[in-house]
Amino acid sequence: MQGKVLVKPADQLDLSEAELKEEFTRVLTANNPHAPQNIVRYSFKERSYKPISSVDQLAIHFVLEGNLLHKDSDEARRQRAKQEIPEDTGDAEEGAGEERPDSVDVKSGKMERKVTNQFNYSERASQTLNNPPRERGCQTEPPPRAKFSATANQWEIYDAYVEELQKQEQSKEKQKTLVSKKEEDKGKKKMTTCSQNSDDITKVAKVTKIIERMVTQNTFDDIAQDFKYFEDASDEFREQEGTLLPLWKFQYDKAKHLSVTALCWNQKYKDLFAVGLGSYKFTKQGRGMLLFYSLKNSTYPEYIFTTLSGVMCLDIHKQLSSLVAVGFYDGSVGVYNLKEEGPQPIYKSTAKMGKHTDPVWQVKWQKDDIDNNHNFFSISSDGRVVLWTLVKNELVFTDIIRLSVEGSISNGQEGMQLPAMACGTSFDFHQQIDYLFLIGTEEGKIHKVSCSDHSSLLYCFKFCSVCFKKSGLNLLTIAFIFYYFSLRHIQVHVFDLSINKYEAICQQAVAAKKTKLTHIEFNPVYPIIIVGDDRGYVTSLKLSPNLRRKPKEKKGQELPKGPEVEVAKMEKLLSLLREPDLTVNPQN
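Keep in mind the model is a prediction, meaning the values are calculated, not measured.

Let us look at the overall build of the protein chain. For the protein chain, the helix and strand inventory stands at nine helices and 28 strands. Looking at the protein chain alone, contacts between residues at least 24 apart form 45% of all its contacts between residues at least 6 apart. When the accessible surface of the protein chain is totalled, it reaches about 43,200 Å², and 52% of it is carbon and sulfur.

Shown next as structure tokens:
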């Protein structure tokens, strides 16, 4: 017979004797290589997240839920009785199925030895390291104890609560005060302490505000999509007319009985605007409110300020967006700082500090003076135009001019008789010349005044009382708000003077039949407007493409842009209406 021949593969490596005898040690551990090593848990003791040192290394590869029952259990006996299976007796029957090679039956030849399947047999064994047990313990100091016993009545309990409250106020300066309520029927006094750490509330307030905005945007996702992407396709089939798409509606429950008296966009944060609330009726004067809304959250105001008198006008500083100047119905003016906590303004005029005697109809911030002090102007029905300067903790006033019914303006010097004062309603400053501005009165007159020389009137003419609102979109779209008209109607009218000077290119109903619109304001960047009514509601609307259409540019020709172009267009339109002796420089 042919002997065994060692067959080697052609690609087998030829190893030396030393390489063959070299040992490779492999250590098996119980650590799971796929177990995470960077798990953190929140520690209530240290109030921060801490990494976990011990990670569970157990990995379960297979789990099978069995249905075996122990033969001596009650359930097994019930099943055997139900199926009429006799119970096993003796240990001989239990071991009858053994086929081990060292059993007595196999050795005696009574049972045939079972041959192991050599082609489907494997035997593996491994030894793992057991994790050493660890014990942790801590011991704390027992809390101090005190024994007290006494007989107390209702008044002694009340005094004890008051004394405890005083101790808490001394240790924590930012605790809230107690809220006391009296029950008239029972004649008893109950006091409830409300102590909460303001620092913790401040930390949570920012997070809750972000979550509230996320929930609101998810709820009104269709409106957000319309604001960002929707364009009215029907404008393609119109030549000039456009539409206004209603977006968000802003309302506050505590301001339902107040009218929207002022609107102003924030020039730094384009989605933030301020709403002044009060009343135009003399018989319904009372409290007012100053609210700040954001387009990111239409369900609740970002800031809320309650005022003792109705708010009639306001203006947000262009550079310092946290400063807000406000004019009230009682003739006072104030300055709010959104960065300061507290419901009261940081500056407010009084009777000793040049307060107006009639309602303030408009306030407007101006550039800082030579000493870098912030200042703003105000106009009131008492005929005064006042310059207010913020000097340290004081609001300093300076009377600029006084309006008279005949149109003359007097400085009010000693020994000078003042005529009947005219009621100022609005003013606006020149875009390039800071000291030049226009004043509108209730008599329908517009006065052109210079702050550098207010000893004589520079220019005066009669004109219809119209308020111009710039859209901020570098277009010739100008919205006319006839206040007496809008207070009696529910529509918004949009005019484009370059198309039609007599008819509006858009008329949109905004409110219900019995509601009166009061104010309108263009956003400085986005093609939207906000409209307020006499019920405290503010509605936002988006202009369709026809209302913000730009002139078409021909190939190879660039059209001029900027405010000078709009001034030239306005001058061209006004030249058709002016009389020959009333020609005015358009830059003025």
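A negative phi angle characterises most non-glycine residues, just as the trans form characterises most peptide bonds. Although it is not a glycine, Arg-47 adopts a positive phi angle of roughly 55 degrees. Mapped onto the elements, Arg-47 comes out in the loop between β1 (40–43) and β2 (48–51). The class of Arg-47 is exposed, set by a relative accessible area of 66%. Positive phi, close to 60 degrees, is recorded for Glu-84, a residue that is not glycine.

In terms of burial, strand β15 (residues 375–380) is a largely internal element, six of the six residues being buried. Burial along β15 is two-sided: Asn-375, Phe-377 and Ile-379 and Phe-376, Ser-378 and Ser-380, pointing in opposite directions, are all buried. Across six bridges, strand β14 (residues 360–366) lies against β15 in antiparallel orientation. Residue pairing in the sheet places Val-360 in a bridge with Ser-380 of β15. Both β15 and strand β16 (residues 384–391) contribute to a ladder of five bridges, which runs antiparallel.

With respect to the helices, strands and loops of the structure, Leu-247 is situated in strand β5 (residues 244–250). The buried category is assigned to Leu-247, whose relative accessible area is 9%. For Leu-247 and Asp-222, which are 25 residues apart along the polypeptide, the C-alpha to C-alpha distance reads 9.5 Å. In this structure Leu-247 touches Ile-223, Asp-226, Phe-227, Ile-528, Ser-540, Leu-541 and Lys-542, once residues within four positions along its chain are discounted.

This next bit is on the sheet that holds strand β8 (residues 288–294). One open sheet accounts for four strands, arranged β6-β7-β8-β9; its pairing is antiparallel. Taken across any chain shown, the strands that pair with only one partner, and hence form the sheet edges, are β6 (259–265) and β9 (303–307). Taken over all neighbouring pairs, the strand axes of this sheet differ in orientation by 20 degrees on average, direction set aside. When β8 meets β9, the two strands line up antiparallel, connected through five bridges. Within the sheet, the bridge partner assigned to Leu-290 lies in β9 and is Phe-305.

Let us now look at the packing of aromatic side chains. Taken as a whole and assessed by the stated rule, the structure comprises 20 aromatic pairs. An angle of 70 degrees between the planes, with centres 5.2 Å apart, marks the rings of Tyr-42 and Tyr-49 as edge-to-face. Since its relative accessible area comes to 36%, Tyr-42 is described here as partly exposed. Connected via pairs of aromatic rings, a cluster forms that spans Phe-250, Trp-265, Phe-273 and Tyr-293. The positively charged end of Lys-209 is found above the aromatic ring belonging to Tyr-303, 5.6 Å away from the centroid. Over the aromatic face of Phe-328 sits the side chain of Lys-348, whose NZ or CZ is 5.2 Å from the ring centroid.

Another aspect to go through is helix α5 (residues 154–171). With 18 residues, α5 extends 26 Å from end C-alpha to end C-alpha; this agrees with the ideal 26 Å at 1.5 Å per step. Taking the backbone nitrogen of Trp-155 as reference, a side-chain oxygen 3.3 Å away marks Asn-153 as the first, capping residue of α5.

Take empty space enclosed by the protein next. Scanning the model with the defined rule gives three cavities of 30 Å³ or more in all. Counted as a void, the second largest cavity has a volume near 40 Å³.

Moving on, we get to the nonpolar core. Of all hydrophobic cores here, the largest spans 21 residues; its most connected members are Phe-273, Val-275, Leu-277, Leu-295 and Val-538. The set of elements that each furnish at least two residues to this core consists of α7 (221–229), β5, β6, β7 (272–278), β8 and β27 (528–533). For Val-538, the contacting residues outside a window of four places in its chain are Trp-248, Lys-249, Phe-250, Val-260, Leu-263, Phe-273, Val-275, Ile-530, Val-531 and Gly-532.

Let's shift gears to a nonpolar patch on the surface. Taken together, the side chains of Val-40, Tyr-42, Phe-44 and Tyr-49 define a hydrophobic patch exposed on the protein surface, amounting to about 500 Å² of accessible area. Along the chain, Phe-44 turns up in the loop between β1 and β2.

This next bit is on the sheet that holds strand β12 (residues 333–337). Strand order in the open sheet formed by four strands is β10-β11-β12-β13, with antiparallel pairing between adjacent strands. In the strand order of this sheet, the two ends are held by β10 (311–316) and β13 (347–348), each with one partner. Direction of pairing for β10 relative to strand β11 (residues 323–328): antiparallel, over a ladder of five bridges. Residue pairing in the sheet places Asp-315 in a bridge with Ala-325 of β11.

Calculation rules
Residues numbered from 1 in each chain as written. Predicted model: local features only at pLDDT ≥ 70, side-chain atom pairs only at ≥ 80, totals over all residues. Heavy atoms only, no water. Helix = DSSP H or I, 4+ residues; strand = E, 2+ residues; numbered from the N terminus. Contact = heavy atoms within 4.5 Å. Areas by Shrake-Rupley, 256 points an atom, 1.4 Å probe, with all protein chains shown as cover. Buried < 20%, exposed > 50% of the residue type's maximum accessible area, 1.4 Å probe, protein only. Pairing = 2+ DSSP bridges. Axes fitted to C-alpha atoms, helices over the stretch in contact; angles between N-to-C directions. Phe/Tyr/Trp six-rings, centres within 6.5 Å; stacked < 30°, edge-to-face > 60°. Lys NZ or Arg CZ within 6 Å of the ring centre and 35° of its normal. Expected span 1.5 Å × (residues − 1). Polar contact = N/O pair within 3.5 Å; in protein donor to acceptor, adjacent residues only side chain to side chain. 1 Å grid on protein atoms, 1.4 Å probe; cavity = no way out; pocket = protein on both sides within 12 Å on 5 of 7 lines; lining within 4 Å. Points joined across faces, edges and corners; volume = space filled by probe spheres on them. Core = buried A, V, L, I, M, F, W, Y, C linked by side-chain atoms within 4.5 Å. Patch = residues over 30% accessible without salt bridge, like charges linked within 9 Å, V, L, I, M, F, W, Y side chains within 5 Å. Salt bridge = Lys/Arg side-chain N within 4 Å of Asp/Glu carboxyl O.

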